[in-house]
Amino acid sequence: MTEVCTTCPYCGVGCGIRAKATGDRELEIRGDKCHPANQGRLCSKGTHLGETVGLEGRLLYPEINGQRVDWDDALALVANRFVDTIAEHGPDSVAFYVSGQLLTEDYYVANKLMKGFIGSANIDTNSRLCMASAVAAHNRAFGEDVVPCSYDDLEQTDLILLVGSNTAWCHPVIWQRIEKARTKRGTKLVVIDPRRTETAECADLHIAVAPDGDIALFNGLLADMHTRGLVDFDYLERHAKVPEDFWSKLSGSAGEAGVDQADFIALGEMVAAAPKMVTLFSQGANQSLCGTDKGNAIINLHLATDRIGKPGAGPFSITGQPNAMGGREVGGLASMLAVHMGFSPEECATAQAFWNSPVIASKPGKKAVDMFRAIHDGSIKAIWIMATNPAVSMPDAGFVREALDRCEFVAVSDVMADTDTTAFADVKLPALAWGEKDGTVTNSERVISRQRTIFDAPGEAKADWQIIQQVAQRMGHGAAFDFDGPADIFREYAAQTGYRNEGKRVLDLSQWSAISDQQYDDWEAWQWGGVSPFANGNYSHPDRRAKLVSVETPPQSANPDYPLRLNSGRYRDQWHTMTRTGLSPRLSQHRREPLLEVNPDDAALRGMVDGGFARVRTAQGISIFRVAISDAQRRGDIYAPMHWTDQMGSGGRMNMLPDQTTDPVSGQPAFKNSAAEAEAVLPEWRAFLVSRERAILPPLLYWTSSRIAGGWLTELAGNGAIDVEAMLPEGERLEAVDMKRGMRRIAVRGADHKLAAALFLTRAGELPKRDWIASQLVSEELSDAPALLAARPRLAGPDKGPIVCVCFDVGEKQICSAIAERNLLSVEAVGDDLSAGTNCGSCRPAIARLLAAQHEPELEAAE
């Protein structure tokens, strides 16, 4: 089969991929050197997409109440329940909750149905959870949600500020471009983050700002630039509106930001010396009760110093999802109508005229948190969830589960049969996954790319747009949804962006409104708005001027019952709720469990030990995590990942813990700064299980599963007796017991005499390492009983240590040995020797840390 040019389904970088089917649901993946976003580079997740395209766990047929049905019955039920609910309770009694995983064409059809034919704006997206504050900041400052930068700016700038972004982990291809600029141009890098992440460790300056200290920091920076005479009042006079009291009200300091004064002075010197400056901000800034104001504080600095609309300069919001931007463009947020229009009478009339619709939403709908509150209190009675998992990803997830359980009707379109959300579904609708879909996505720099079909649709799965279309037809709106395919939808969407636009909005794709099906099929990546949309100094407010927005840090109150501040985020090789990346053995190696990262002082105060367990509690919920003690955490702050679900463990349920606080402008939840407390947990026993099949587990204090080659690795901890028999398969059993140390080891061989499962349990001792015994699930050699029960071979081979480079399967001990034996002095030298760090680059900061540790000069003994 020939290669298919398509786009990665993970983050908002929007990397081009060349994919070639090499067998049944098997792919060969490489980066597309012709795509402007990545120029051939891929991260670990994109590189290993081929491990995630199988049909394991897929939803392949429609279901009603857990029973397989035909499409006609499923679609009729969804349509009838929505029609009946609207007739009895009005259009605002129903809702769609959609996703940045949808293609633009899917989004467009969903938005059109809800706003133009149901007549409500109750359609919101999981993009509300990651980028809504940036959208609101753009609208306030520019008059339109336009990202004013391009990736090329990163390679043309003299200074990059990364705000709330662990770029090396979360956007590794962007990180490679930053590294390139630092090497070739000497670009300086500042990381503004409460945590000393691997990204921060590589920076020229790390500003360990206090949680939500960003506004004070950027206000203070702008005040400093004002004092230095670096505010460009001529630019402001021509291109911006400044509130009369803006400068007198501007306040911020190192102390208010929780930053060391010397670091603040150093930051000011760097900003003053670099007229070409890009500030790249992401979830750490957005997921806050003041995220919109943070965005405007950043934009204020750029506008006031004329660092926008020119090469190498601008505020750059980097998106988290592959098509969050496409959803924003078509209007798939409750706070916008369509194609960057709001809800003014003129804009409502424009949308209704274009759609020729019987009704039109005339006011904003329920944003995500408010939407689930309305479901909980019964005012929203029917919801259709598409391509997302809110029972895990929403804040106060226990409340969201209660809401879904109470809801009169829940429809879910998904690719996976069993998720925490599909557990509440009355109807499950099987959708196409990446590799089966056909449509467009827009990345963080406004580049529209194609996702193309590689595999035939499995089972009876359908495209999301087609499912929505067929429900709309059954609701009586057939003529308006008579689309022949994604190209037909794209033409209509492109036409709407230009309809009565007359230059009011930068978003105008009307040149593509007559695109042929063949041109659509042949589409090459194209950037709307150009490289720099505001290069001419004209913005989208009616007067064509930008606006500086006065912002202040909101007061924070301490709670003695919850003295810690809980932060959350992503792991390097995982994605959202792991329905896709959790299937990859390679991607599961980096972090197999959800780790609670704790400062050593906080851990000592609470009796926590590294590798032990801790219970985190907030006013909303409780969850147990494995402990990782780290001086990269500020004292008083703790951090945990957001990926784990009921499908992957009982512990690590991060989003059970934040409350429902949202930014008052954007409605984005404040995931990054939750009041919490933590305490050590001492289970009576600890264990791990490797098995070909996922074990059926009884209720336990703690368990998590991760994918390994040939099966699963499950970590366990609990109290009291454990039913070993229920967890192990049939087969030849080998067993060793050490009553003194409370150790029990059981290996089970299958009919092929190879390892089928092995359980290692202790009440007092140390458990063996997992790697060798896990590898026996796929080993062609038959290991003897002593080796299996010892979890190590009779003749020990080289120990790689924890995997650092997933792309080339290189471990920490391999890297350290190579550094010592061959006197390697740089990350590049390690790459030349072992290949580590030469593909996606996300492990390069970890390699740099190992180099620094190996070459740290020994202190001379005192006389």
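No experiment lies behind these values; they were computed from the predicted model shown.

Going through the model one piece at a time under the given rule, you end up with 25 aromatic pairs. Centre to centre, the rings of Phe 82 and Phe 96 are 5.9 Å apart; their planes meet at 50 degrees, and the pair counts as tilted. Residue Phe 82 is located in helix H2 (residues 71-89), and its partner Phe 96 is located in strand S6 (residues 94-98); the two are separated by 14 residues in the primary sequence. The residues Phe 82 and Phe 96 share a single accessibility class, namely buried. Their ring planes at 70 degrees and their centres at 5.4 Å tell us that Phe 490 and Trp 523 sit as a pair that is edge-to-face. Of this pair, Phe 490 sits in helix H21 (residues 486-498) while Trp 523 sits in the loop between helix H22 (517-521) and strand S19 (526-527), placing them 33 residues apart in sequence.

Bringing the pairing of strand S14 (residues 382-386) into the picture now. Within S14, 5 of the 5 residues are buried, which leaves it mostly tucked inside the rest of the structure. Residues of S14 alternate between two faces, with Ala 382, Trp 384 and Met 386 on one and Ile 383 and Ile 385 on the opposite face, all of them buried. The sheet contact formed by S6 and S14 spans 4 bridges and is parallel. Each residue of the ladder has a partner; that of Phe 96, found in S14, is Trp 384. Relative to strand S15 (residues 409-414), S14 runs parallel, the two sharing 5 bridges.

Quick look at the sheet that holds strand S1 (residues 4-7) now. Pairing in this open sheet of 3 strands is antiparallel, and the strands run S1-S2-S3 from one edge to the other. Of all the strands in the sheet, the pair left with one neighbour each is S1 and strand S3 (26-31). On average, adjacent strands in this sheet sit at an angle of 40 degrees to one another, irrespective of strand direction. In the sheet, strand S2 (residues 16-23) pairs with S3 via 6 bridges, with the strands oriented antiparallel. Counted as the bridge partner of Gly 23 is Glu 26 from S3.

A word on unusual backbone geometry. Phi is positive for Gln 39, which is not a glycine, with a value near 50 degrees. With respect to the helices and strands, the residue Gln 39 is situated in the loop between S3 and helix H1 (44-47). Of note in this structure, Asn 356 is not a glycine but carries a positive phi near 50 degrees. Position of Asn 356 among the secondary structure elements: in the loop between helix H16 (345-355) and helix H17 (368-377). Residue Asn 356 is classed as exposed on the basis of its relative accessible area of 67%.

Any empty space left between atoms is shown by rolling a water-sized probe over those atoms. Estimates place the volume of the second largest pocket at around 720 Å³. Looking at the lining of the second largest pocket, the elements with two or more residues in it are helix H4 (132-142) and H16. A class-by-class count of the residues in the lining of the second largest pocket yields 9 nonpolar, 10 polar and 11 charged.

The contact between helix H8 (residues 214-227) and helix H12 (residues 261-272) brings their axes to 10 Å, and the two run at 55 degrees. In terms of orientation, H8 and H12 fall into the oblique class. The element H8 and its partner H12 pack so that their crossing is right-handed. Taken together, the residues of H12 that come into contact with H8 (itself represented by Leu 217, Gly 220, Leu 221, Asp 224 and Met 225) are Phe 264, Leu 267, Gly 268, Val 271 and Ala 272. Split into classes, the residues belonging to the contact of H8 with H12 amount to 7 nonpolar, 2 polar and 1 charged.

Moving on, we come to the environment of Ala 494. Counting through the fold element by element, Ala 494 comes out in helix H21. By relative accessible area, which is 0% here, Ala 494 ends up buried. Taking the C-alpha atoms as reference points, Ala 494 and Val 339, separated by 155 residues in sequence, lie 9.2 Å from one another.

Before going further, it helps to examine H21. With 13 residues, H21 should cover 18 Å at 1.5 Å per step; its first-to-last C-alpha distance of 19 Å lies within 8% of that length. Within H21 the residues assigned to the buried category are Pro 486, Ala 487, Ile 489, Phe 490, Arg 491, Tyr 493, Ala 494, Gln 496 and Thr 497. Tucked into the core, H21 has its buried residues touching helix H3 (104-118), helix H15 (324-330), H16, strand S17 (439-442), helix H20 (464-474) and H22. Backbone geometry just downstream of H21 places Arg 500 in the positive-phi region, at approximately 50 degrees.

For the structure shown, the criterion picks out 62 salt bridges. Notably, a salt bridge pairs Glu 51 with Arg 586, separated by 3.9 Å at the nearest N-O pair. One end of the pair, Glu 51, is in the loop between H1 and strand S4 (63-64); the other, Arg 586, is in the loop between strand S21 (564-569) and strand S22 (595-598), and 535 residues separate them in sequence. Arg 586 gets classed as partly exposed once you look at its relative accessible area, which sits at 28%.

So, about the sheet that holds strand S10 (residues 205-207). With parallel pairing, 5 strands are arranged side by side in an open sheet as S10-S9-S8-S12-S13. Each edge of the sheet is formed by a strand with only one pairing partner; in this case those strands are S10 and strand S13 (314-317). With direction set aside, neighbouring strand axes in the sheet form an average angle of 20 degrees. Judged from the 4 bridges that link them, strand S12 (residues 277-281) and S13 form a sheet pairing that is parallel. Paired with Leu 280 across the bridge in S13 is Phe 316. The strands touched by H12 within the sheet are strand S8 (159-163), strand S9 (188-192), S10 and S12, with S10 carrying the most contacts at an inclination of about 125 degrees. The strands that helix H14 (residues 291-304) touches are S8, S12 and S13; relative to S12, the one it contacts most, it runs at about 175 degrees.

We now examine empty space enclosed by the protein. On inspection of all chains with the given rule, the structure shows 7 cavities of 30 Å³ or more. As for the second largest cavity, its lining consists of Cys 8, Tyr 10, Cys 11, Val 13, Gly 14, Cys 15, Leu 42, Cys 43, Lys 45, Cys 170, Pro 172 and Val 173.

Cut-off values and rules
- Residues numbered from 1 in each chain as written.
- Predicted model: local features only at pLDDT ≥ 70, side-chain atom pairs only at ≥ 80, totals over all residues.
- Heavy atoms only, no water.
- Phe/Tyr/Trp six-rings, centres within 6.5 Å; stacked < 30°, edge-to-face > 60°.
- Helix = DSSP H or I, 4+ residues; strand = E, 2+ residues; numbered from the N terminus.
- Buried < 20%, exposed > 50% of the residue type's maximum accessible area, 1.4 Å probe, protein only.
- Pairing = 2+ DSSP bridges.
- Axes fitted to C-alpha atoms, helices over the stretch in contact; angles between N-to-C directions.
- 1 Å grid on protein atoms, 1.4 Å probe; cavity = no way out; pocket = protein on both sides within 12 Å on 5 of 7 lines; lining within 4 Å.
- Points joined across faces, edges and corners; volume = space filled by probe spheres on them.
- Nonpolar A, V, L, I, M, F, W, Y, C, P; charged D, E, K, R; others polar.
- Parallel < 35°, antiparallel > 145°, perpendicular 65-115°, else oblique.
- Left-handed = near helix turned anticlockwise from the far one by under 90°.
- Contact = heavy atoms within 4.5 Å.
- Expected span 1.5 Å × (residues − 1).
- Salt bridge = Lys/Arg side-chain N within 4 Å of Asp/Glu carboxyl O.

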